[in-house]
Amino acid sequence: MAAALSRVHSFRIWGYAKGLDGSTSSLHGVFELPGRLRLQVARGEERSELVMVGQYVYVMANRAYWLDHAPQVAATLSGRWVRLSRSFPGMSTWYALTQPRSLAHCVGQSHIGKIALAGMASVNGRQAAVIVSRGGLPGSVPGRFYVARSGPPLPLRSVQTGRPQPGGAPDPVCGETAATYASRATIVASEENFGAYNKPVTIAAPKHAITPPGTSPQKPVL
């Protein structure tokens, strides 16, 4: 699976995650390798869209999002494309999924516990082998992988069935920091679907993006 992922140049991802506090977030993303993505996220009343191109990240979000992340400029930024540096917190984990080498590692190898083959299943109309990750190692995540049986053995679905095991450490290949690694522990269940591998995709920087007042793209407000 990791070898097949290393040859991918575009794909889509959609799914959801549930937190310890009972909140649910959903996402839909399109990735164009190397280095580009478009992502839509909904969490409670918050709605945001993100585009990554080169060294910049462009964010457009509603007022609820900005009130939570940057209340001092919420009125100015709501509903507008905002240009930030790709270095702002949390972006390194998404950037890792836009690079062929790190995509293969982060989806197919990082934080995987003891695994076992658990039969076959159908995912979005395709036959898949089911691989169970039972955790059991520090930082590993219990869950199931569904891998295509025909064609390249690419992942079709990833399901998290419980909280990560205690311990472990951030994976630098996947752009994890102490903060993003700690946030993993608050997710109790999730599902990610993968598809549209190597379909034509064009992701471009939004026009007329603004730089947040009093900042530069190298000094993000988030």
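Residues numbered from 1 in each chain as written. Predicted model: local features only at pLDDT ≥ 70, side-chain atom pairs only at ≥ 80, totals over all residues. Heavy atoms only, no water.

Student: Explain the sheet that holds strand β2 (residues 24-32) here, please?
Tutor: Judged by pairing direction, the sheet is antiparallel, and its 11 strands sit side by side in the order β6-β5-β4-β3-β2-β1-β11-β10-β9-β8-β7 without closing on themselves. The sheet terminates laterally at β6 (82-85) and β7 (115-123), the two strands that pair on one side only. Averaged over all neighbouring strand pairs, the angle between strand axes comes to 20°, with direction disregarded. Judged from the four bridges that link them, strand β10 (residues 155-160) and strand β11 (residues 187-195) form a sheet pairing that is antiparallel. By the bridge assignment, Ser158 is partnered in β11 with Glu192. (Pairing = 2+ DSSP bridges. Helix = DSSP H or I, 4+ residues; strand = E, 2+ residues; numbered from the N terminus. Axes fitted to C-alpha atoms, helices over the stretch in contact; angles between N-to-C directions.)

Student: What is the right way to read the pattern of salt bridges from this model?
Tutor: Where charged atoms from two side chains of opposite charge approach closely, those side chains can pair. What the rule picks out here adds up to two salt bridges. The residue Glu191 makes a salt bridge to Arg157 at a minimum N-O spacing of 3.8 Å. Pair noted here: Glu191 is in strand β11 and Arg157 is in strand β10, with a separation of 34 residues, a long-range link. Residue Arg184 is joined to Glu176 by a salt bridge in which the shortest nitrogen-to-oxygen separation is 4.0 Å. Here Arg184 matches Glu176 in class, with each residue buried. (Salt bridge = Lys/Arg side-chain N within 4 Å of Asp/Glu carboxyl O. Buried < 20%, exposed > 50% of the residue type's maximum accessible area, 1.4 Å probe, protein only.)

Student: Would you take a moment to explain the side chain of Ser110 for this structure?
Tutor: Tracing the sequence through the fold places Ser110 in the loop between α5 (100-108) and β7. Classification of Ser110 by relative accessible area gives buried; the value is 10%. Ignoring sequence-local partners within four residues, the contact set of Ser110 consists of His105, Asp171 and Cys174. (Contact = heavy atoms within 4.5 Å.)

Student: How do you make sense of the nonpolar core when you look at a structure like this?
Tutor: Note on soluble globular proteins: their nonpolar side chains tend to be buried together. In terms of nonpolar packing, the biggest core is built from 36 residues, with Leu5, Phe11, Leu50, Val59, Trp66 and Leu103 touching the most fellow members. The leading source of residues in this core is α5, at four residues. The contact partners of Leu103, leaving out residues within four places of it in the chain, are Leu5, Val8, Phe11, Leu33, Ala96, Leu97 and Gly108. (Core = buried A, V, L, I, M, F, W, Y, C linked by side-chain atoms within 4.5 Å.)

Student: Honestly, the state of the cysteines in this entry has me stumped. Any pointers?
Tutor: By definition, a disulfide links the sulfur atoms of two cysteines through a covalent bond. All told, the structure shown has one disulfide when counted by the stated rule. Shown here is the disulfide that connects Cys106 with Cys174, its sulfur atoms set 2.1 Å apart. Linking Cys106 and Cys174, the disulfide has an S-S dihedral of approximately -115° and is accordingly described as left-handed. Separated by 68 residues along the polypeptide, Cys106 in helix α5 and Cys174 in the loop between β10 and α6 (178-184) bring together distant segments of the chain. (Disulfide = S-S within 2.5 Å.)

Student: Looking at this structure, I do not really get α5. What am I missing?
Tutor: Listing the buried residues of α5 in full gives Ser102, Leu103, Ala104, Cys106 and Val107. Buried residues belonging to α5 abut α1 (2-5), β1 (10-19), α4 (91-96), β9 (143-148), β10 and β11.

Student: Before we go on, may I ask you to explain the packing of aromatic side chains in this structure?
Tutor: Each aromatic ring pair is characterised by the separation of its centres together with the angle its planes make. In total, this model carries five aromatic pairs according to the counting rule given. On the numbers, 6.5 Å between centres and 40° between planes, the contact of Phe11 with Phe194 is tilted. Here Phe194 lies in strand β11 and Phe11 lies in strand β1, a separation of 183 residues in the sequence. Of the aromatic side chains, those joined through ring pairs into one cluster are Phe11, Phe31, Trp94, Phe194 and Tyr197. One Lys or Arg, Arg83, reaches over the ring of Tyr56 and ends 4.3 Å from the middle of that ring. (Phe/Tyr/Trp six-rings, centres within 6.5 Å; stacked < 30°, edge-to-face > 60°. Lys NZ or Arg CZ within 6 Å of the ring centre and 35° of its normal.)

Student: Would you explain the environment of His69 in this entry?
Tutor: By the secondary structure assignment, His69 is in helix α2 (residues 63-69). A distance of 2.9 Å separates the side chain of His69 from the backbone oxygen of Tyr65, its partner in a polar contact. (Polar contact = N/O pair within 3.5 Å; in protein donor to acceptor, adjacent residues only side chain to side chain.)

Student: Is there a simple way to explain the pairing of β10 in this structure?
Tutor: Most of β10 is tucked away, with six of its six residues classed as buried. Across five bridges, β9 lies against β10 in antiparallel orientation. Across the sheet, the residue bridging to Val147 is Pro155, located in β10.

Student: What is the right way to look at the side chain of Glu46 in this model?
Tutor: Looking at the element boundaries, Glu46 is found in strand β4 (residues 46-53). Comment: no salt bridge for buried Glu46; closest opposite-charge side chain is Arg43, at 4.2 Å. In this structure Glu46 touches Val41, Asn62, Ala64, Tyr65, Asp68 and His69, once residues within four positions along its chain are discounted. (Lys, Arg positive; Asp, Glu negative; His and termini not counted.)

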